[in-house]
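# Secondary and tertiary structure notes
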Amino acid sequence: MADKRKDKAEETTKAGISRRKFLKGVGVGGGMLGSGVLSGSLLQDGHGAQAAATKVLGPGAVAIELNVNGKRWPLTLEPRVTLLEALRDHLELTGAKKVCDRASCGACTVILDGSPVYSCSVFAIEAQGKTIQTVESLADGDTLHPVQAAFVENDAQQCGFCTPGFVMATKALLDKYPNPTAEQMRLALGGNLCRCGTYVGIRQAVMQAAQNSPQNSHQNSKTRAPQAGRQSRAGGGHSNA
Ligand code: FES
Ligand code: FES
């Protein structure tokens, strides 16, 4: 049995490296990759030829660059650092919240290349070359983004821990569907939880933000006074919510 295992380990791949050498090279021990990260597509297809060309990053800190809110940030991070940790602990962007830290609650939601993601479940190193948008980018000075204003006006928060995540998920939704259906809204916000149970206010906020979006109102909502937003909602006309 032991001999068979040895034979297997010494089996030579088409790329000319033995399985034993390959495993040694990528630092695999007891089924673990340590805390290093393989660049390239090796993890997807596992071919020996890929192994020869694939670079192992880490486990020590490596230089990376993140594009956050339109700015490029050079950082030196261990590959195990999540995007959420990079934002909060290294860039002092604390809007995204660490609540469950395991892809369950949505409090850490940011927009990555146009799509909402749980930043606690994306490695910072994986986010390189992508655009990252956090809640800090929304307000224009003292003027809230229409989505933020709608949350305030509809009392869509209590403790507020879930709010940045809901705001970013809502923004991603309205960027894609300026006039979302109830089903689109349900699906887009289904990954965000509010322990305080402010769902009614949140739904109203999303409806109001949709109605006030530039695509629907043909005016710049950022310059609109909050009261005007409420009047607009009271005026009806949003047929999909
Ligand atoms: S903190 Fe990321 S999903 Fe909860
Ligand atoms: S307002 Fe407290 S968790 Fe949502």
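The structure this text deals with has already been given above.
A brief look at the structure comes next. Bear in mind the structure is a predicted one, so any value in this text is a computation, not a measurement.

## Points about unusual backbone geometry
For N69, which is not a glycine, the phi torsion comes out positive at approximately 50°. In this fold, N69 is placed in the loop between β3 (62-68) and β4 (71-77). Overall, the presence of 18 C-beta atoms within 10 Å leaves N69 in the partly exposed class. Unlike most non-glycine residues, D113 shows phi in positive territory, near 50°. Mapped onto the elements of the fold, D113 is located in the loop between β5 (109-112) and β6 (115-118).

## Considerations on the packing of helix α6 (residues 146-153) against helix α9 (residues 199-212)
Relative to each other, α6 and α9 sit at 140°, their axes nearing to 8 Å. In terms of orientation, α6 and α9 fall into the oblique class. Read as a crossing pair, α6 and α9 show a hand that is right-handed. Along its contact with α6, which presents P146, V147, A150, F151 and E153, the element α9 presents A205, Q208, A209 and N212. Across the contact of α6 with α9, the residue classes break down as 6 nonpolar, 2 polar and 1 charged.

## A look at the packing of helix α7 (residues 163-176) against α9
Their axes nearest at 11 Å, the elements α7 and α9 cross at an angle of 40°. Taken as axis vectors, α7 and α9 run oblique relative to one another. Every pair of crossing elements has a handedness; the one defined by α7 and α9 is right-handed. Between α7 and α9, the residues in contact are F166, T170 and L174 and I202, V206, A209 and A210, respectively.

## Some points on the sheet that holds β5
Read from one edge of the open sheet, 5 strands run β4-β3-β7-β5-β6, paired in mixed fashion. Edge strands, defined here as strands with exactly one partner in the open sheet, are β4 and β6. In this sheet, adjacent strand axes meet at a mean angle of 40° when their direction is disregarded. Where β3 and strand β7 (residues 131-133) come together, 2 bridges link them in parallel fashion. Bridging from a neighbouring strand, V68 pairs with I132 of β7. Those strands touched by α7 are β5 and β6, and its axis lies near 30° from that of β5.

## Some words on the nonpolar core
Judged by nonpolar contacts, the single largest core of 46 residues is most densely connected at L66, L83, A124, V147, M168, A205 and A209. At the level of elements, β3, α5 (83-90), β5, β6, α6, α7, α8 (182-189) and α9 are the ones that each hand at least two residues to this core. Of the domains in this structure, domain 1 (67-136) and domain 2 (138-233) are the two that each give at least three residues to this core. Contact partners of M168, with chain neighbours within four places excluded, come to T109, V110, I111, P116 and V135.

## Some words on the pairing of β4
Walk down a regular strand and you will see the side chains alternate between the two sheet faces. Where β3 meets β4, 7 bridges bridge the pair, whose relative direction is antiparallel. The residue of β4 that forms the bridge with L66 is W73. Counted between consecutive antiparallel strands, the loop separating β3 from β4 contains 2 residues, among which N69 sits at a positive phi close to 50°.

## What to know about the pairing of β5
Here 4 bridges tie β5 to β6, and the two strands are oriented antiparallel to one another. Note that in β6 the partner of V110 across the bridge is V117. Here β5 hands over to β6 after 2 residues, with D113 in that stretch at a positive phi of 50°. Note that β5 and β7 share 2 bridges and pair antiparallel. Paired with I111 across the strands is Q133, a residue of β7.

What counts and what doesn't
- Residues numbered from 1 in each chain as written.
- Chains lettered and ligands numbered in written order.
- Predicted model: local features only at pLDDT ≥ 70, side-chain atom pairs only at ≥ 80, totals over all residues.
- Helix = DSSP H or I, 4+ residues; strand = E, 2+ residues; numbered from the N terminus.
- Buried ≥ 20, exposed ≤ 12 C-beta atoms within 10 Å, placed from the backbone.
- Axes fitted to C-alpha atoms, helices over the stretch in contact; angles between N-to-C directions.
- Parallel < 35°, antiparallel > 145°, perpendicular 65-115°, else oblique.
- Left-handed = near helix turned anticlockwise from the far one by under 90°.
- Contact = placed C-beta atoms within 7 Å.
- Nonpolar A, V, L, I, M, F, W, Y, C, P; charged D, E, K, R; others polar.
- Pairing = 2+ DSSP bridges.
- Core = buried A, V, L, I, M, F, W, Y, C linked by C-beta atoms within 7 Å.
- Domains from an automatic or database assignment.

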